[in-house]
Amino acid sequence: MIAEVKDKLVNGLDEMKAINPLAFDVEGIVSYADWVVVASANSGPHLKALVRKAEEVMLKSGIKPIGVEGVNTASDWVLIDFGDIVLHLLTEEKRDFYNLEKIFVRAE
């Protein structure tokens, strides 16, 4: 069930032209989630649009965010905790700098 929701989230982000949305299966590796999704935006407004789309997709699946960080600031990185799925939305520059994929690829 949660894998299907993760797929809906990734597809929704892709529909909104998110840059390279990726999902990492971290079940049994980390204690805070089963999936981590990472995607990039090409601007601040695009980042906010991706946040809205993610929340919309998840609410349609009956999942409300537990916590949201970075959306009400001038941040280039928004983290949304949906429980079993944690979403990282970053500008391309931040994603390149922090290289989260490297961390989660090691975890898989």
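An account of the accompanying structure is given in this report. Everything numeric in this text was worked out from a predicted model, so none of it was measured.

**Describing the overall build of the protein**
- Each helix and strand counted, the protein has four helices and five strands in total.
- Along the chain direction, N to C, the helices and strands of the protein fall in the order α-β-β-α-β-β-β-α-α.
- For the protein, whose C-alpha radius of gyration is 13 Å, the value lies close to the compact-globule estimate of 13 Å for 108 residues.
- For the C-alpha atoms alone, the extent of the protein along its principal axes is close to 35 × 30 × 25 Å.

**Quick look at the environment of His46**
- Inspection of the secondary structure puts His46 in helix H2 (residues 44–60).
- His46 gets classed as buried once you look at its relative accessible area, which sits at 12%.
- Residues His46 and Lys17, spaced 29 residues apart in sequence, show a C-alpha to C-alpha distance of 8.7 Å.
- Once you skip the residues sitting within four places of it in the chain, His46 turns out to touch Met16, Lys17, Ala18, Ser40 and Ala41.

**Concerning the packing of helix H1 (residues 2–15) against H2**
- Relative to each other, H1 and H2 sit at 145°, their axes nearing to 9 Å. Relative to H2, H1 is oriented so that their crossing is right-handed. Each of Val5, Lys8, Leu9, Gly12, Leu13 and Glu15 in H1 lies in contact with H2, whose residues at this interface are Leu50, Lys53, Ala54, Val57 and Met58.
- Of the residues in the contact of H1 with H2, the class split is seven nonpolar, one polar and three charged.

**Regarding the sheet that holds strand E4 (residues 77–81)**
- Read from one edge of the open sheet, five strands run E1-E2-E5-E4-E3, paired in mixed fashion. The open sheet has two free edges, formed respectively by strand E1 (19–25) and strand E3 (67–69), since each of these has just one partner strand. When the angles between neighbouring strand axes are averaged without regard to direction, this sheet yields 10°.
- Where strand E2 (residues 35–41) meets strand E5 (residues 85–91), seven bridges bridge the pair, whose relative direction is parallel. Bridging from a neighbouring strand, Ala39 pairs with Leu89 of E5.
- Against the sheet, H1 touches E1, E2 and E5, its axis set at about 0° to E2.
- In the packing of H2 onto the sheet, contacts are made with E2, E3, E4 and E5, and the angle to E5 comes to roughly 165°.

**Side note on the environment of Val86**
- By the secondary structure assignment, Val86 is in strand E5.
- A relative accessible area of 5% places Val86 in the buried class.
- Once the C-alpha coordinates of Val86 and Asn42 are considered, the two residues, 44 residues apart in sequence, prove to be 20 Å apart.

Definitions and limits used
- Residues numbered from 1 in each chain as written.
- Predicted model: local features only at pLDDT ≥ 70, side-chain atom pairs only at ≥ 80, totals over all residues.
- Heavy atoms only, no water.
- Helix = DSSP H or I, 4+ residues; strand = E, 2+ residues; numbered from the N terminus.
- Rg over C-alpha atoms; globule rule 2.2 N^0.38 Å.
- Buried < 20%, exposed > 50% of the residue type's maximum accessible area, 1.4 Å probe, protein only.
- Contact = heavy atoms within 4.5 Å.
- Axes fitted to C-alpha atoms, helices over the stretch in contact; angles between N-to-C directions.
- Left-handed = near helix turned anticlockwise from the far one by under 90°.
- Nonpolar A, V, L, I, M, F, W, Y, C, P; charged D, E, K, R; others polar.
- Pairing = 2+ DSSP bridges.

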